[in-house]
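Structural description and commentary
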Amino acid sequence: DQLDEAIKYAEEYSRNGEIVIEEFLIGHEMSSVYTLKDGEVSLSCVNDKYASEDENGMTQLCNLVLTPSKHHDQYLKEIDPGIKKLLKEIKAENGVAYFQLMATDNGIYAFEMGYRMSGNNDYKVIRKYNGLDYMKMTLSHSVTGDMGDSLEKDNPMFKEYYCTYVVHLKSGTIGKIDDSAI
């Protein structure tokens, strides 16, 4: 019902009078994480993301991240080669890149990328599973210019499921932060 009005609005603010209309994706939300070292691109994990219900008009937030994704094999076949090609073509050299994805009845679609660590704290799960610690690697790169560790042990197909449960809290004072269990 709002399409005609939205098109007029977009055309008004378009620099060249052209607009882009994207398909509204309905499906299962996912994410993938890549670790990069000296131009080598390695898939570190593929996650399924489960979002909270809308609450008082607020945007949905991710409540749970499950690794590996139930769409892992499909992702490797259909999406991973293109993502690796993209990262190489934009000359992404060192660091971490993540992609937000949607698995639909018509396939998996990437709709957002970050060339930084995501808020999922994926490095903790990846470190626990295969010993690759891209947090330490990126810190090493920022200090020495070298990522340090190799990508040899990186393996996105975890033998067990790992879950990150996100607790959304109200305002208050944090008494203690402890990640010794991870």
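Only a predicted model underlies this, so the values are computations on that prediction, with no experimental measurement involved.

**Re the layout of surface pockets**
- When its volume is computed, the largest pocket comes out at roughly 380 Å³.
- It is strand E5 (residues 107–114) that contributes the most residues to the lining of the largest pocket, 3 residues altogether.

**Digging into the environment of Lys8**
- On the secondary structure map, Lys8 appears in helix H1 (residues 3–13).
- It is 39 Å that separates the C-alpha atoms of Lys8 and Lys77, two residues lying 69 residues apart in sequence.

**Looking at helix H3 (residues 80–89)**
- Where H3 is concerned, the buried positions are Asp80, Ile83 and Leu87. For H3, the angular spread of the buried residues around the axis is 65°, confining them to a single face. Set apart from the buried face of H3 by more than 90 degrees, the exposed residues are Lys85 and Glu89.
- Buried residues along H3 sit against strand E1 (28–37), strand E2 (40–51), helix H2 (72–78), strand E4 (95–104) and E5.
- Positioned one or two residues after H3, Lys91 has a phi angle of 60°, which is positive.

**Comments concerning a negative patch on the surface**
- A cluster of acidic side chains, namely Asp38, Glu40, Glu93 and Glu152, defines a negative patch on the protein surface.
- Looking at the secondary structure, you find Glu40 in strand E2.
- Residue class for Glu40 comes out partly exposed when judged on its relative accessible area of 46%.

**A word on the pattern of salt bridges**
- The tally for this structure, following the rule as stated, stands at 5 salt bridges.
- As a salt-bridge pair, Lys153 and Asp149 come within 3.5 Å of each other at their nearest N and O atoms.
- Accessibility expressed as a relative area gives 38% for Lys153, which makes it partly exposed.

**Notes on a nonpolar patch on the surface**
- Residues Leu86, Ile90, Met113 and Tyr115 make up a contiguous nonpolar surface patch of about 340 Å² in total accessible area.
- Along the chain, Leu86 falls in helix H3.
- Residue Leu86 is classed as partly exposed on the basis of its relative accessible area of 35%.

**Let's talk about the nonpolar core**
- Counting residues in hydrophobic clusters, the biggest one holds 16 residues, and the most contacted among them are Tyr34, Tyr75 and Leu87.
- Contributing elements (two or more residues each) for this core: E1, E2, H3 and E4.
- Tallying contributions element by element places E4 first for this core, with 4 residues.
- If we skip the residues at most four places from it in the chain, Tyr75 touches Met30, Ser32, Tyr34, Leu43, Val46, Asp80, Ile83, Leu101 and Ile108.

**Thoughts on the environment of Glu29**
- Structurally, Glu29 can be placed in strand E1.
- For Glu29, a relative accessible area of 24% corresponds to the partly exposed category.
- A C-alpha to C-alpha distance of 8.3 Å links Glu29 and Ala51, two positions 22 residues apart in sequence.
- Ignoring sequence-local partners within four residues, the contact set of Glu29 consists of Asp48, Lys49, Gln100, Leu101, Met102 and Phe111.

**As for the packing of aromatic side chains**
- Following the criterion strictly, the structure yields 6 aromatic pairs and no others.
- Ring geometry for Tyr9 against Tyr13: centres 4.9 Å apart, planes inclined by 50°, an arrangement best described as tilted. Of the two residues, Tyr9 and Tyr13 both sit in helix H1, 4 residues apart, roughly one turn of that helix. No difference in accessibility class separates Tyr9 from Tyr13, as the two residues are exposed.
- Taking 5.9 Å as the distance between ring centres and 85° as the angle between the ring planes, the aromatic pair formed by Tyr34 and Phe99 counts as edge-to-face. Note that Tyr34 is positioned in strand E1 and Phe99 in strand E4, a separation of 65 residues in sequence.
- Among the aromatic side chains, those forming a connected cluster through ring pairs are Tyr129, Phe158 and Tyr162.

Conventions and cut-offs
- Residue positions within a chain follow its written sequence, with the count starting from 1.
- Confidence filtering applies because this is a predicted model: local features only for residues at pLDDT of at least 70, side-chain atom pairs given and counted only at 80 or more, and all residues used for totals across whole chains, interfaces and linings.
- Heavy atoms from the whole structure form the basis of all side-chain values; hydrogens and water molecules are not counted.
- Using a 1 Å grid laid over the protein atoms alone, points where a 1.4 Å probe fits but cannot get out form a cavity; open sets with protein on both sides within 12 Å along at least 5 of 7 lines form a pocket; any residue with an atom within 4 Å of a point counts as lining.
- Grid points are joined across faces, edges and corners, and a volume is the space filled by probe spheres set on the points.
- Working definition: helices are DSSP H or I runs of at least four residues, strands are E runs of at least two. Numbering for both runs from the N terminus.
- Only protein chains enter the accessibility calculation, which uses a 1.4 Å probe. A residue is then buried if its area is under 20% of the maximum for its type, exposed if over 50%, and partly exposed in between.
- Taken from the helix axis, the directions to the C-beta atoms give the arc we talk about.
- Any two residues whose heavy atoms approach within 4.5 Å at even a single point are treated as in contact.
- Note on patches: the residues involved have over 30% relative accessible area and no salt bridge, like charges join within 9 Å, and the nonpolar side chains Val, Leu, Ile, Met, Phe, Trp and Tyr join within 5 Å.
- For accessible areas, the Shrake-Rupley method is used with a probe of radius 1.4 Å. Any residue's cover is judged against the shown protein chains and nothing else.
- Definition used for salt bridges: Asp or Glu carboxyl oxygen within 4 Å of a side-chain nitrogen of Lys or Arg.
- Only four residue types enter the charge count: Lys and Arg as positive, Asp and Glu as negative, with His and the chain ends excluded.
- Every charge is mapped to an atom, namely NZ of Lys, CZ of Arg, CG of Asp or CD of Glu.
- Take the buried Ala, Val, Leu, Ile, Met, Phe, Trp, Tyr and Cys residues and link them wherever side-chain atoms come within 4.5 Å; each set so joined is a nonpolar core.
- Any two of the Phe, Tyr and Trp rings considered here, Trp counted by its six-membered ring, make a pair once their centres fall within 6.5 Å; the pair's planes then place it as stacked at under 30 degrees, edge-to-face at over 60, or tilted in between.

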